[in-house]
Amino acid sequence: MKPPQHSSAGGRRLGLALFWVYVALYAGFMAVVLFRPDLLSLRPFGGVNLAIAYGMGLIAAAFGLSLLSLLFRADH
Amino acid sequence: MLYDTSPLALAIFAAFVGGVIGLSFYLGRKGQSAQAYYAAHGEVHWFVNGIAFAGDYLSAASFLGICGMIAFHGYDGFLYSIGFLAGWIVALFVIAEPIKALGRFTFADALDSRFNSRGIKLAVAISTLVVSVFYLIPQMVGAGDLIVPLLGLPHWAGVVLVGVAVTLIVVTAGMVSTTWVQFIKGSLLVFFCGVLAVLILDRGLTVNAGRPGAENLAPQTRTITRDGTVLVDGLPQSRDHDLRPVGTISRLPDRYAGKTATGPLRPLEYLAALEDSTIVTWAPTKRADEAGVHTTYAPVERKGVDLLKPGGYFKGLTTGKLADRLDFASLMLALFCGTASLPHILIRYYTVKDAAAARKSTVVGIAAIGAFYVLTLYLGLGAMTSGALDPTSSNMAAPLLAKSFSTTLFAIISAIAFTTVLGTVSGLIMAGSGAVAHDLVENVLGVQMTDHEKVRCGKLAAVGLGIVAMALGILFRSFNVSFLVGWAFNIAASANLPALVMLLFWPRTTKQGIVAAVTVGMVASLAWILLSADTYEKVYGLSRDLSVVPFSQPGLVTIPLGFFVLVGVSLLSPAPPPSSHRGRGPR
């Protein structure tokens, strides 16, 4: 078996920090859906309601955070 | 509904399958080592692997199930998309690099990397097989659903066709051909969903799209008689007397007063216009008498604003019952935790050369999968208002949406949907093949094999799994595919994730703890599912009230249970020697 390879400690810490950022965003979404669903009908973004805006935001955030992690680690 | 068969769809699909199988035979001619069969030599380029991730992951449930759920129930299908994608964050930031570093061919390799324990290999191999089989069922059911409009053949024929094609692909060149079929499928799927989304936006919203006239809003009844004859409104079903396609807008927003169509719309404009429109959806009600089972589909006018928020499918979100909310939270937790625990996804990390490539390929996968899920929202909503839906089958929403544009596009989308099944099933068969041949036969039973014999054993296992997949696809044909995938995610998250995470982050983890966590997580989640109200109703045909568990989705209980069991058993068993975790795991 090949020897284990891990990125730098800083890279891993950043990865875990970004992971928790996303967990907070996802948990926030779940909390709104479960406990304040009335907020999801608000239309703060160009006529699109919060349910769709938050959902698409989560998808965009997943890509943004993953890209951020990649760029940061490329610097290392 | 009865469908006209599409020779063009058949030709496109046959060309794809023929091309892929030809490629597989070509790749297989070079002679194979176990490293090639199980891990494609570990030399797949990270970009190809990233798109192959999408091809592996975007299953029939994602394409057919989510589109159908959005088309029939509105926003709630998008909740599945959100949960499915969120799971990739766990894969990228927590799992990707360590799993690449620790494993070789299978998920069991990684979990057993510190211990060399037969118990771990056995427990993880069984868990891999259980998860793979639960994931296989909806794929095969989806294949059967597609074959009906494509070829006019019975459901079972689609299941057998996919089973045979996938088995051929896997046994010819293993992970090499599996990777390429997933790469091609992933590329085609995202591209043509993009094409469909552009067409939807270009068409905009139209009142009574394709279904003018009040008679098209009359209820319609489908009866299945005791002898199996299908009646539509009391007369035998035929091409001249069939259910009418449904799904239209009855009123556009006030800003389009006096118009019957919006014309082309920008992406956000489309969503805003739909939210202000009134949409006609069709609700089924069932009754049975001595003549047979009657399902009446009746139109229901609904405000767009109600369809574009949660609660259309997950009724519990609007009833306010605690158990219903817990059920939903449990599903979303399982989707979040399940992706990084799916054996057929994890083994794809072994096909790239190093941890950096694993990371990069995950980012490419997230980009492709995320784009696809945004597109499915438009596909589902486009289908909902296309006037082309089959009221009896949510799984046909996407192909029928394509048909509302042109029969050529219908043929292409149907063929791609069929290849969608091929890509995912080949990944699942590969994962199962590795679990049987590498984990069970070689490592648990201790059968000594040459490299050539290892490959042959893997291929025999693939054939066996292909046969099992076909049988299950025929047996479970009446299920909604997304529902079944939820089961697989729950079992994977409950059985695999606690052991994997604790192995990486808690040095006190012992082999006894891992075996116990995997076993308890798997058995508890499986038992919970089998005792749930959903299963009582949809599988056993019994009353939901007979169920003995408070809600149907087990993850909220069984995922934490896996962690507790691992910690408890590890603390009660001898600590592993310090050397066993030296050099392993994240720092």
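In every chain, residue numbers begin from 1 and rise along the written sequence. For this description, chains carry letters from A and ligands carry numbers from 1, given in the order in which they are written. Totals for whole chains, interfaces and linings use all residues, but because this is a predicted model, local features are given only for residues with pLDDT of at least 70 and pairs of side-chain atoms are given and counted only at 80 or more.

Engineer: Looking at this model, I keep getting lost on the overall build of chain A. Mind explaining?
Structural biologist: For chain A, the count of helices and strands is 2 helices and 0 strands. Contacts here follow a simple rule: the backbone-placed C-beta atoms of the two residues must lie within 7 Å. Of the contacts formed within chain A by residues at least 6 apart in sequence, a portion of 57% connects residues at least 24 apart. By definition, any uninterrupted DSSP run of H or I lasting at least four residues is a helix, any uninterrupted run of E lasting at least two residues is a strand, and each is numbered from the N terminus.

Engineer: Please clarify how the interface of chain B and chain A should be interpreted in this entry.
Structural biologist: Reports of interface size often rely on the accessible area that becomes lost once the parts have come together. Opposite the 41 residues of chain B that make contact, chain A presents 36 residues. When contributions to the side of chain B that touches chain A are tallied by element, the ones reaching two or more residues are α5 (76–102), α9 (267–275), α12 (322–338) and α14 (355–384) of chain B. Per element, the largest residue contribution to the side of chain B that touches chain A is 12 residues, and it comes from α5(B). Put simply, Ala, Val, Leu, Ile, Met, Phe, Trp, Tyr, Cys and Pro go in the nonpolar bin, Asp, Glu, Lys and Arg in the charged bin, and everything else, Gly too, in the polar bin. When grouped by side-chain class, the residues that make up the side of chain B that touches chain A number 29 nonpolar, 2 polar and 10 charged.

Engineer: Is there a simple way to think about the sheet that holds strand β5 (residues 278–289) of chain B in this case?
Structural biologist: Consider a sheet: its strands pair through backbone hydrogen bonds, and that pairing is either parallel or antiparallel. All names here are of chain B. Strand pairing requires that DSSP identify at least two bridges connecting the strands. Spatial strand order, β3-β2-β1-β6-β5-β4: 6 strands in an open sheet with antiparallel pairing. Every other strand in the sheet has two partners, leaving β3 (235–236) and β4 (248–251) as the edge strands with one partner each. Examined bridge by bridge, β5 and strand β6 (residues 292–303) share 12 bridges and lie antiparallel to one another. Bridging across to β6, Thr278 finds its partner in Lys303.

Engineer: Got a minute to help me understand helix α1 (residues 7–28) of chain B in this structure?
Structural biologist: Residues spaced three or four apart along an α-helix point in a common direction, a consequence of the helix completing one turn every 3.6 residues. Residue and element names in this part refer to chain B. Working rule for helices: expected span equals 1.5 Å times residues minus one. Here α1 is 22 residues long and its end C-alpha atoms lie 31 Å apart, about the 32 Å a rise of 1.5 Å per residue gives. The exposure scheme places C-beta atoms from the backbone and then counts, for each residue, the other C-beta atoms within 10 Å of its own, assigning buried at 20 or more, exposed at 12 or fewer, and partly exposed in between. Within the sequence span of α1, burial applies to Ala9, Ile12, Phe13, Phe16, Val17, Val20 and Ser24. In a view along the axis of α1, the buried residues occupy a sector of 120 degrees, so they form one face of it. Across from the buried face of α1, at angles greater than 90 degrees, the exposed residues are Pro7, Ala11, Ala14, Ala15, Gly18, Gly22 and Tyr26. The directions from the helix axis to the C-beta atoms form the arc being described.

Engineer: What's the story with unusual backbone geometry in this structure? I'm lost.
Structural biologist: Excluding glycine, residues mostly have negative phi values, and the peptide bonds linking residues are mostly trans. All names here are of chain B. Phi is positive for Asn116, close to 50 degrees, though the residue is something other than glycine. By the secondary structure assignment, Asn116 is in the loop between α6 (107–111) and α7 (118–151). Even without being glycine, Asp233 reaches a positive phi, approximately 50 degrees. On the secondary structure map, Asp233 appears in the loop between β2 (230–232) and β3.

Engineer: Would you take a moment to explain the nonpolar core for this structure?
Structural biologist: Soluble globular proteins tend to pack their nonpolar side chains together in the buried interior. Counting residues in hydrophobic clusters, the biggest one holds 226 residues, and the most contacted among them are Ala62(A) and Ala398(B). With 21 residues, helix α8 (residues 155–203) of chain B is the single largest residue contributor to this core. A set of buried residues drawn from Ala, Val, Leu, Ile, Met, Phe, Trp, Tyr and Cys, joined through C-beta atoms within 7 Å, is what defines a nonpolar core.

Engineer: Hey, could you run me through the pairing of β5(B) in this one?
Structural biologist: A regular strand places its side chains on the two faces of the sheet in alternate fashion. Bridging between β4(B) and β5(B) involves 3 bridges; their strand directions are antiparallel. Within the sheet, the bridge partner assigned to Thr248(B) lies in β5(B) and is Val280(B).

Engineer: What exactly am I supposed to notice about the packing of α1(B) against α8(B) here?
Structural biologist: Packed helices, taken two at a time, are described by their axes: the angle between them and the distance between them. Residues and elements named next belong to chain B. Axis definition: a line fitted to C-alpha atoms, limited for helices to the stretch in contact. Angles are taken between N-to-C directions and run from 0 to 180 degrees. The interhelical angle for the contact between α1 and α8, taken along N-to-C directions, is 105 degrees, at an axis separation of 8 Å. By the angle class used here, α1 and α8 are roughly perpendicular. Contacts between α1 and α8 involve Val17, Val20, Ile21, Leu23, Ser24, Phe25, Leu27 and Gly28 from the first element and Ala165, Leu168, Ile169, Thr172, Ala173, Val176, Ser177, Trp180, Val181 and Ile184 from the second. Among the residues making up the contact of α1 with α8, the classes are represented as 14 nonpolar, 4 polar and no charged. The cut-offs work like this: below 35 degrees is roughly parallel, past 145 is roughly antiparallel, 65 to 115 is roughly perpendicular, and the gaps in between are oblique.

Engineer: I keep staring at the environment of Ile529(B) and nothing clicks. Help me out?
Structural biologist: All names here are of chain B. Its place among the elements puts Ile529 in helix α20 (residues 511–530). With 22 C-beta atoms counted inside 10 Å, the residue Ile529 sits in the buried group. Distance from Ile529 to Trp487, taken between C-alpha atoms, is 7.3 Å for residues 42 residues apart in sequence. Ile529 has contacts with Trp487, Asn490, Thr535 and Pro554, leaving out every residue within four places of it along the chain.

Engineer: What is the right way to read the confidence of the model for chain A from this model?
Structural biologist: Low-pLDDT stretches of the model should not have their predicted coordinates read in fine detail. Confidence of the predictor in every single residue is expressed as pLDDT, which spans 0 to 100. Confidence in the prediction of chain A, expressed as mean pLDDT, is 85, and 86% of residues score 70 or more. Of the regions scoring below 50 in pLDDT, residues 1–6 of chain A engages in 14 contacts with residues more than four places distant in sequence or in other chains.

Engineer: What should I look at first to understand the confidence of the model for chain B in this one?
Structural biologist: Residues and elements named next belong to chain B. For chain B, the average pLDDT comes to 88, and 95% of its residues sit at 70 or higher. By mean pLDDT, the top-scoring element of chain B is helix α22 (residues 555–572) (96), and the lowest-scoring one is helix α18 (residues 481–495) (80). Both scores are available for the predicted complex, with the pTM at 0.90 and the ipTM at 0.90.

Engineer: Quick question: what am I supposed to make of the packing of α12(B) against α22(B) here?
Structural biologist: Residues and elements named next belong to chain B. Here α12 crosses α22 at 50 degrees, and the two axes come no closer than 8 Å. In terms of axis orientation, α12 runs oblique to α22. Every residue of α22 that contacts α12 at Leu326, Ala329, Ser330, Leu331, Leu333, Ala334 and Cys337 is listed here: Gly555, Leu556 and Ile559. Looking at the contact of α12 with α22 residue by residue, the classes come out as 8 nonpolar, 2 polar and no charged.

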